[in-house]
Amino acid sequence: MELNEIDLETLKNKGISVEKFNEELKMLAEGFPYLKIKAPATVGNGISRLSPDMEEKAVKCWDEYRDAGAVVMKMVPASGAASRMFKDIFSFINGKKDKPDNDFIKKFFEEIENFAFFPRLNFICLTLYGLSVNSLIKEKRYKDIAKALIEKNGLNYGKLPKALLQFHKVIGTSRASIEEHLAEGAQYAAGKDKTVRVHFTVSSEHLPLVQAKIEEAAGHIGNVYGVMFNITYSVQKPSTDTVAANMDGTPYREQGELFFRPGGHGALIENLNDLDADVIFIKNIDNVVPDERRESTIRYKKILGGILVATKQKINEYCSRLEKGVPSSEELSEMLAFLRQVLCVTNDSCDDMTDSEKAKYIYSKLNRPIRVCGMVKNEGEPGGGPYLTYNSDGTVSPQILESSQIDPKNKEAMKMMKESTHFNPVDLAVSIKNYHGDKFNLPEFVDKATGFISIKSREGFEIKALELPGLWNGSMSDWNTVLVEVPASTFNPVKTVNDLLREAHQPLKNSDNAN
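All of these numbers come straight from a predicted model, not from anything done at the bench.

## Some words on the overall build of the protein chain
A count of helices and strands for the protein chain gives 15 helices and 22 strands. Since a compact globule built from 515 residues should have a radius of gyration of about 24 Å, the 25 Å found for the protein chain is in line with a globular shape. Seen along its three principal axes, the alpha-carbon backbone of the protein chain occupies a region of about 80 × 60 × 45 Å. Here the protein chain holds 515 residues, and the buried ones make up 54% of them.

Encoded structure:
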């Protein structure tokens, strides 16, 4: 399509090429193909269930590796706004009823004193209205309390990022989710030098607030755990924004100018690509628990790290041998078995290859970034999660799919989806360096055909929005992937404000930390 001078200047300022712009418009017009699934990944067929002895060996492997001086980092995507957490609260404020009229709102007010943010909310209510929360409840001024929580002249929780919300009570105070990530990192990611490296991806508008919170909290938390923090930040790059289109496929414009939207968490592959560490743990901002409930989390973080280290050491050994020439047939058979049994990568055409072709194939599969992903047993509705899928080269490998990548009209695919046993909690340990210690260029391993299109409302118009391949979905499609079963106790996300009332986010009863 023809671009005017203003369009070209917009693209230049964002760092987006005309070719990329046209490619995105084509994607919006044509859509994305569904992925071809061979089977859901299950225990024994793509997912490993570890014995207690294997777990202990993995923990020991991790502790020895970390204590030997490896550079470990924790990456936390933390740019998400908390507005969706308070969807029900917004609806209550904007609704016609002045008192709680559904189970969610009733629970919120009945247990309001159990929220870690209650003392601050109480203070704000005293400041705004001259009355405590309990006094306002007695006067049935429920909406005033809700407004004090989420609106700008109150705590402004409706606009803040999840990173800054008070999640948990501790003795005499409370902790925001971002503080809990520091505390968690101190317990498994501290290096030999007692430094904990944590990288937060944040939105540019919230960066000053997040930095201020970290500066306030890092010293105290470091003293508690006997560590120092090295905190870095990045924002989603403008070059990863995607163009929006009208329903007819033409670019959507506002005031005559092209309109772009953030490309989703898949854009963060660029941020990950800029990091430099031997092992990087990735976990979402809202999946944290208080100190006294963190034992399981720390144990399985070490297990994931240990499995990553052991697997990477074997990959490095094989790649070094392959680099020197074509190994013997016996050695090649050993390497193929490792590909099949450990990395779950299969290729039906291997039997027809010469030894030289096998060596080239094995090297191409081993010399890639690697991730070890925790998988939680699915006790609820089936959906996106781990599958064994066909790749463009005819091989089959483990992938983490969103339900939108599976064809709803394909009966066989939908049957496999219903048979899936685990889901993805976003709990990863990754290595982004090759066997020489050089960094991979991660965008080269993205499957661009795994994005998806969503329909959004903008200024009263329906528009098509392009979501980039998800960070742990298509953006890591061409990585080596090891799936490990982890317990549900390691997955405690906060999707709604009432999730903070769940047992995992409350102090232990009768514990020293209860208040």
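## Comments concerning the side chain of Asp 7
Assignment of secondary structure puts Asp 7 in helix H1 (residues 5–14). Separated by 2.8 Å, the side chains of Asp 7 and Arg 253 make a polar contact. Leave out the neighbours within four places in its chain, and Asp 7 touches Arg 253 and Leu 258.

## Some points on the pairing of strand E5 (residues 166–170)
In terms of burial, E5 is a largely internal element, five of the five residues being buried. Both E5 and strand E6 (residues 173–176) contribute to a ladder of four bridges, which runs antiparallel. Bridge pairing links Gln 166 to Ala 176 in E6. Here E5 folds back onto E6, and the loop between the two strands holds two residues, one of which, Gly 172, carries a positive phi near 80 degrees.

## Observations concerning empty space enclosed by the protein
Within the structure shown, the criterion is met by two cavities of 30 Å³ or more. Lining the largest cavity we find Lys 312, Ile 315, Asn 316, Cys 319, Leu 366, Asn 367, Arg 368, Lys 433, Asn 434, Tyr 435 and Phe 440. At four residues, the largest contribution of residues to the lining of the largest cavity is made by helix H12 (residues 295–323). The residue inventory of the lining of the largest cavity, partitioned by class, reads five nonpolar, three polar and three charged. A volume near 30 Å³ is recorded for the second largest cavity. Around the second largest cavity, the lining residues are Val 345, Lys 365, Arg 368, Asn 391, Thr 395, Ser 397, Gln 399, Ser 477 and Asp 478.

## A closer look at the sheet that holds strand E21 (residues 461–467)
As summarised here, the arrangement of the three strands in space is E10-E21-E20, forming an open sheet in which the pairing is antiparallel. Of all the strands in the sheet, the pair left with one neighbour each is strand E10 (245–246) and strand E20 (452–458). Bridging between E10 and E21 involves two bridges; their strand directions are antiparallel. If you follow Ala 245 over to E21, its bridge partner there is Lys 464.

## Description of the packing of aromatic side chains
Here the structure, examined in full by the defined rule, presents 16 aromatic pairs. Residues Phe 92 and Phe 109 carry aromatic rings whose centres are separated by 6.0 Å and whose planes lie at 65 degrees to one another, so their mutual orientation is edge-to-face. With Phe 92 in helix H4 (residues 87–94) and Phe 109 in helix H5 (residues 103–110), the pair connects residues that are 17 residues apart, well separated along the chain. Grouping residues by exposure puts Phe 92 and Phe 109 together as buried. Ring centres of Tyr 188 and Phe 281 lie 5.0 Å apart, and the angle between their planes is 70 degrees; on these two criteria the pair is classed as edge-to-face. Separated by 93 residues along the polypeptide, Tyr 188 in the loop between helix H9 (177–186) and strand E7 (195–201) and Phe 281 in strand E14 (residues 279–283) bring together distant segments of the chain. We note that Tyr 188, like Phe 281, is buried. Geometry around Phe 92 places Lys 143 over its ring, the cationic atom sitting 5.9 Å from the centre.

## Focus: the layout of surface pockets
Counted as a void, the second largest pocket has a volume near 540 Å³. Together, 25 residues line the second largest pocket, and Ser 48, Gln 341, Val 342, Cys 344 and Val 482 are the ones closest to its centre. When residues in the lining of the second largest pocket are grouped by element, the largest group, five residues, is from H12. Partitioned by chemical class, the residues of the lining of the second largest pocket number 14 nonpolar, eight polar and three charged.

## What about the nonpolar core?
Counting 66 residues, the largest nonpolar core has Leu 182, Phe 200, Phe 229, Leu 343, Ile 362 and Leu 366 as the members making the most contacts within it. Per-element tally for this core: the top contributor is H12, with 11 residues.

## Re the packing of H9 against helix H10 (residues 207–225)
As a packed pair, H9 and H10 sit with axes 9 Å apart at the nearest point and diverge in direction by 35 degrees. Classified by chirality, the crossing of H10 by H9 is right-handed. Residue-level contacts link Ile 178, Glu 179, Leu 182, Ala 183 and Ala 186 of H9 to Val 210, Lys 213, Ile 214, Ala 217, Ala 218, Ile 221 and Tyr 225 of H10. Among the residues making up the contact of H9 with H10, the classes are represented as 10 nonpolar, no polar and two charged.

Definitions and cut-offs
Residues numbered from 1 in each chain as written. Predicted model: local features only at pLDDT ≥ 70, side-chain atom pairs only at ≥ 80, totals over all residues. Heavy atoms only, no water. Helix = DSSP H or I, 4+ residues; strand = E, 2+ residues; numbered from the N terminus. Rg over C-alpha atoms; globule rule 2.2 N^0.38 Å. Buried < 20%, exposed > 50% of the residue type's maximum accessible area, 1.4 Å probe, protein only. Polar contact = N/O pair within 3.5 Å; in protein donor to acceptor, adjacent residues only side chain to side chain. Contact = heavy atoms within 4.5 Å. Pairing = 2+ DSSP bridges. 1 Å grid on protein atoms, 1.4 Å probe; cavity = no way out; pocket = protein on both sides within 12 Å on 5 of 7 lines; lining within 4 Å. Points joined across faces, edges and corners; volume = space filled by probe spheres on them. Nonpolar A, V, L, I, M, F, W, Y, C, P; charged D, E, K, R; others polar. Phe/Tyr/Trp six-rings, centres within 6.5 Å; stacked < 30°, edge-to-face > 60°. Lys NZ or Arg CZ within 6 Å of the ring centre and 35° of its normal. Core = buried A, V, L, I, M, F, W, Y, C linked by side-chain atoms within 4.5 Å. Axes fitted to C-alpha atoms, helices over the stretch in contact; angles between N-to-C directions. Left-handed = near helix turned anticlockwise from the far one by under 90°.

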